[in-house]
Amino acid sequence: METGYSCLILLIVASSTGHELTIEKRTAVFEAVTDLELNATVEYILTYPDSKALNPYTVKAWSSNADKDFPILLVVRQARQVSSWTIPETVETSQKNKTLVFYNTSKTLCHDDLEDVINPVFDVEPLKISQTFIVAVSTSSPRTVNISIALTEEKDFFMGQDTNYTVKVSPSQSKFKFFSFNKNVSDTVVVVVESSDDVCLTVSVQDSRCPVMDSNKDIKYEGIYQTVNKKGAMTISKRRFPTGFFLVVVAKADDYDCSQESSVIPFIRYSMITENSIVSQVSFVIKNSISVYEYLLACVIILSAILAFGLVFTGITFVFNRYGAISKLKVKAIRIQDHIEPLTEDEVNEILLSKNLTVDTFAKYPKRIKQRAFNYLSHTASIALFYSIPVIQLVVTYQRVVNLTGNQDMCYYNFLCAHPAFGFSDFNHIYSNMGYFLIGLFFIIGVMDRQYKIRITKDKGIPVHYGLFYAMGLALTIEGVLSACYHICPSQSNYQFDTSFMYVMAVLIMVKLYQNRHPDINATAYATFSVVGIAIFIAMMGILDGSLVIWVIFLVGYFVLILILSLKIYYLNFAVDGMKQFYNCIQKSGFCKETFVPLKKSRFVLVVLANVANFSILGVGVYIYIYSVTDFGTFLLGLLLANTVLHISFYTVTKMIYSEKICIESLLFGVLGLCFWIASSIFFLDAATLWTVTPAESRQWNQGCIFMSFYDRHDVWHLLSAPALYFTFSYLMYLDDDLCDRPQNEIRVF
């Protein structure tokens with residue numbers, strides 16, 4: 001065999017060089033350095049004695065004067081495989097026609113009898129282990145070059161759990177080790193990887209088969225992998241790797257794969273080319289993940305807590321609907337018919353000039369109010385259906401691609417607390433959205449009971465319009481579905497899935513508050529959802545291309561929208577008539593003080609305060625763009641939520657200014673809602689992932705589980721914000737119950 005192998009090398013080299021070739025055989029020793037000098041006329045064949053070691057060996061080879069145009073060729077033959085590479089080794093970078101040359105190389109060789117080492121069988125005969133190595137060294141260089149070779153045993157090749165390991169890697173010196181699932185190891189383990197430098201690495205977990213893909217060119221063709229610069233983690237199940245797995249670490253020649261240049265939404269940044277001498281020190285540890293029992297316990301306890309919460313507060317809602325402040329209202333079976341007649345010009349002028357408007361002015365058509373309110377429910381249901389179907393299809397496809405390719409850079413998980421189940425890589429973040437879904441259903445049940453007790457009223461109290469409350473409950477339920485879909489594969493491409501129905505809920509709350517006192521002139525569902533659709537479209541454009549043009553278009557458009565809404569709110573939806581009235585006043589009295597003194601002072605103050613707040617938020621948006629504090633989608637969501645808080649605050653404060661009471665029911669839900677919002681916000685602000693950066697950079701934010709070893713901080717945000725939304729909706733539903741028996745001509749409009 002050795003003679004045939006030598007002849008083969010001789011023919012190859014002789015045919016390529018055209019020189020007479022001298023083959024020198026040498027016997028080499030493990031752990032010792034063999035120094036050689038060679039050129040195109042000399043080839044060396046190093047033979048090593050058979051080894052009985054259970055560990056594999058690593059070939060280290062380096063040269064100080066090798067010619068990159070005529071590199072030294074190394075061919076290592078084992079019993080079952082052949083490995084080859086060159087010195088210097090050329091590694092491609094992300095830049096076209098740019099390569100790096102490395103004169104110091106190493107390669108770990110797969111064990112000839114790896115399967116016997118992993119699963120030894122002693123029933124028939126003693127275990128026989130043998131490794132053979134023949135190293136052929138040649139070059140086509142006309143001048144003499146030197147090379148040093150050492151074959152060393154990998155002492156810590158087989159890893160154990162809860163033990164820290166450290167390896168040094170470079171683009172020309174990859175490393176891999178092996179971990180076996182024995183009976184003391186859980187069915188699922190977590191591999192935690194850390195590095196003290198910013199070198200871009202690829203960490204791969206591969207099946208226990210040779211050869212091992214341990215170069216930058218082929219590492220992505222086997223197993224599962226992710227890019228890492230400072231921190232990374234993988235959850236590995238025994239089901240996928242029954243006997244064990246190789247953990248492979250390869251250093252990149254530059255940081256392209258860890259930089260925004262490789263992102264779906266790129267930033268203007270140039271990847272740094274790594275120096276030829278760079279060496280990255282990587283440490284890792286393998287820990288047991290939680291057991292199946294702990295999975296079930298975490299799921300059952302949370303589900304039980306959500307159901308208990310829903311049953312308790314649904315019961316409280318039933319009690320409030322019967323014995324709360326609303327019980328003062330004597331419900332009578334009434335038949336109402338609307339005779340809709342458009343307002344005359346005199347009636348419009350009277351409304352604009354009136355300083356003390358009451359609700360009866362804008363509550364003349366109860367049936368139309370009811371129909372308009374239920375239009376919000378039908379629109380929300382239609383949008384939810386047609387929006388959710390493609391979302392579910394897309395994210396499930398993403399998950400399948402992740403499972404098939406092993407590319408863990410597709411999804412921005414918190415890998416330090418990502419528990420796979422049912423084919424999903426991050427089941428706990430999907431499951432924690434159960435709170436939104438179930439609590440939304442419980443809120444709908446509460447609204448149904450309230451509608452059963454108080455169907456429709458006329459002349460007393462704030463006009464009932466349950467359609468908006470149903471729409472809120474449905475939006476909360478759909479938020480749970482879409483948030484779960486987003487967390488199947490969170491990424492830069494689908495962030496809007498998680499926020500779309502947050503926009504819907506924020507807008508529904510603002511519409512609800514305005515409708516309380518302006519039911520006849522409130523915005524229709526068609527107009528409202530058109531605005532929401534435009535907002536979602538702008539958010540998508542801002543996420544895909546957060547350039548200055550998008551920000552300028554949004555800021556100018558929002559500025560115009562604020563002015564239009566301000567005029568419509570101040571002039572009670574009769575903006576054109578109000579501006580005509582203002583123009584006539586100027587022509588009649590000139591630019592005097594009386595012309596500019598607002599007739600509705602309190603309304604004017606609220607509009608001015610709202611404008612100041614919104615213009616301040618736009619200023620914050622400019623700051624965010626200049627300093628890249630956050631992304632456009634998050635800014636837009638923050639803007640809508642800030643306006644929602646302003647509306648609730650203005651409504652509550654104005655209600656108290658006009659000596660209206662906050663009933664016990666609303667006060668209870670308001671205090672509980674505030675407490676839950678404060679608690680949940682603490683966990684929301686402490687993010688464990690960041691989709692606006694690269695996957696490698698996002699992993700630096702990853703954190704361990706904090707609750708039941710199953711839920712992380714974002715899961716807790718899900719679990720706390722769902723009750724917070726429930727209490728907020730309930731607060732709004734009971735907010736005006738103190739007025740249920742007050743005539744509408746005594747209830748102020750604000």
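Above this text is the structure in question.
**Section: the state of the cysteines**
For the structure shown, the criterion picks out four disulfides. The disulfide partner of Cys411 is Cys489, and the S-S distance across this bridge is 1.9 Å. With the S-S bond torsion at -90°, the cross-link from Cys411 to Cys489 turns out left-handed. In this pair, Cys411 sits in the loop between α5 (366–405) and α6 (427–431) while Cys489 sits in the loop between α8 (466–488) and α9 (495–517), placing the two residues 78 residues apart along the sequence. Judged by its relative accessible area of 1%, Cys411 is buried. For Cys489, a relative accessible area of 1% gives the class buried. Between the sulfur atoms of Cys417 and its disulfide mate Cys705 the distance is 2.0 Å. Taking the torsion about the S-S bond as the criterion, the Cys417 to Cys705 disulfide, at about 110°, is right-handed.

**Quick look at the sheet that holds strand β11 (residues 145–153)**
In space, the four strands of this open sheet follow the order β2-β11-β4-β9, with antiparallel pairing throughout. Edge positions in the sheet fall to β2 (33–38) and β9 (104–108), since each of these pairs with one other strand and no more. In this sheet, neighbouring strand axes are inclined to one another by 20° on average, regardless of whether the strands run parallel or antiparallel. Two strands pair when backbone bridges link them, and strand β4 (residues 57–62) and β11 are joined in this way by six bridges, in the antiparallel orientation. Bridge pairing links Ala61 to Ile149 in β11.

**A closer look at the pattern of salt bridges**
For the structure shown, the criterion picks out 17 salt bridges. Of the charged contacts in the structure, one is a salt bridge between Arg209 and Glu222, with a shortest N-O distance of 3.2 Å. Of this pair, Arg209 sits in the loop between β16 (201–207) and β17 (224–228) while Glu222 sits in the loop between β16 and β17; the two residues are 13 residues apart in sequence, bridging distant segments of the chain. On the basis of relative accessible area, Arg209 is assigned to the partly exposed category, the value being 48%. The salt bridge partner of Asp257 is Lys252, with a shortest N-O separation of 3.1 Å. On the accessibility criterion, Asp257 (21% relative accessible area) is partly exposed. Here the residues in one salt-bridge network are Arg517, Lys655, Glu660, Asp736 and Asp738, joined through shared partners.

**What about empty space enclosed by the protein?**
Under the defined criterion, the tally for this structure stands at three cavities of 30 Å³ or more. By volume, the largest cavity amounts to about 240 Å³. Lining the largest cavity are 21 residues, with Arg450, Ile462, Pro463, Val464 and Asp737 sitting closest to its centre. Secondary structure elements with two or more residues in the lining of the largest cavity: α8, α9 and α18 (713–734).

**Here's the deal with the environment of Asn573**
Its place among the elements puts Asn573 in the loop between α11 (548–570) and α12 (575–589). Among the residues examined, Asn573 registers a relative accessible area of 31% and is labelled partly exposed. Distance from Asn573 to Leu352, taken between C-alpha atoms, is 9.9 Å for residues 221 residues apart in sequence. Each residue touching Asn573, except ones within four places of it in the same chain, is listed here: Ile521 and Lys568.

**Observations concerning the environment of Gln281**
Along the polypeptide, Gln281 turns up in strand β20 (residues 280–288). By relative accessible area, which is 39% here, Gln281 ends up partly exposed. A C-alpha to C-alpha distance of 60 Å links Gln281 and Leu606, two positions 325 residues apart in sequence. Once residues within four sequence positions are removed from consideration, Gln281 is found in contact with Thr166, Val167, Lys168, Glu194, Ser195, Ser196 and Asp197.

**Side note on the sheet that holds strand β15 (residues 188–195)**
One open sheet holds the four strands; their spatial order is β13-β20-β15-β18, and the pairing between them is antiparallel. Every interior strand has two partners, whereas the edge strands, β13 (165–169) and β18 (231–237), have only one. On average, each strand axis in the sheet is tilted by 25° relative to the strand beside it, whichever way the strands run. One ladder, built from five bridges, connects β13 with β20; its direction is antiparallel. Each residue of the ladder has a partner; that of Thr166, found in β20, is Ser283.

**A word on the nonpolar core**
One finds Leu508 and Phe554 to be the most contacted residues of the largest nonpolar core, which totals 101 residues. If one sorts the elements of this core by residue count, α8 sits on top with 15 residues. The contact partners of Phe554, leaving out residues within four places of it in the chain, are Ile538, Leu618, Phe632, Phe635, Leu636 and Leu639.

**Description of the side chain of Asn433**
For Asn433, the location among the structural elements is in the loop between α6 and α7 (434–453). Those residues in contact with Asn433 that lie beyond four places of it in its chain are Gly480, Ser483, Ala484, His487 and His718.

**Remarks on the side chain of Thr235**
Relative to the elements of secondary structure, Thr235 occurs in strand β18. According to the relative accessible area criterion, Thr235 is buried, its value standing at 18%. One polar contact links the side chain of Thr235 to the main-chain carbonyl oxygen of Ala418, over a distance of 3.2 Å. With near-sequence residues (within four places) excluded, Thr235 lies in contact with Thr188, Val189, Val190, Phe415, Ala418 and Pro420.

**Some details on the packing of aromatic side chains**
The geometry of an aromatic ring pair is captured by two quantities: the separation of the ring centres and the angle between the planes. Applying the stated criterion across every chain yields a total of 52 aromatic pairs. Between the aromatic rings of Phe632 and Phe635, the centroid separation amounts to 6.5 Å while the plane-to-plane angle is 55°, which identifies the pairing as tilted. Of this pair, Phe632 and Phe635 both sit in helix α15 (residues 632–657), separated by three residues, roughly a single helical turn. A relative accessible area of 3% places Phe632 in the buried class. Here the aromatic rings of Tyr651 and Phe750 are separated by 5.1 Å at their centres, their planes lie at 55°, and the arrangement is tilted. Of this pair, Tyr651 sits in helix α15 while Phe750 sits in the segment after α18, placing them 99 residues apart in sequence. Judged by its relative accessible area of 5%, Tyr651 falls in the buried class. One cation-aromatic arrangement involves Arg322 over Phe318; the distance from NZ or CZ to the ring centre is 5.5 Å. Across the ring face of Tyr734, the terminal group of Arg450 is positioned such that the distance to the ring centre comes to 5.0 Å.

Rules used throughout
Residues numbered from 1 in each chain as written. Predicted model: local features only at pLDDT ≥ 70, side-chain atom pairs only at ≥ 80, totals over all residues. Heavy atoms only, no water. Disulfide = S-S within 2.5 Å. Helix = DSSP H or I, 4+ residues; strand = E, 2+ residues; numbered from the N terminus. Buried < 20%, exposed > 50% of the residue type's maximum accessible area, 1.4 Å probe, protein only. Pairing = 2+ DSSP bridges. Axes fitted to C-alpha atoms, helices over the stretch in contact; angles between N-to-C directions. Salt bridge = Lys/Arg side-chain N within 4 Å of Asp/Glu carboxyl O. 1 Å grid on protein atoms, 1.4 Å probe; cavity = no way out; pocket = protein on both sides within 12 Å on 5 of 7 lines; lining within 4 Å. Points joined across faces, edges and corners; volume = space filled by probe spheres on them. Contact = heavy atoms within 4.5 Å. Core = buried A, V, L, I, M, F, W, Y, C linked by side-chain atoms within 4.5 Å. Polar contact = N/O pair within 3.5 Å; in protein donor to acceptor, adjacent residues only side chain to side chain. Phe/Tyr/Trp six-rings, centres within 6.5 Å; stacked < 30°, edge-to-face > 60°. Lys NZ or Arg CZ within 6 Å of the ring centre and 35° of its normal.

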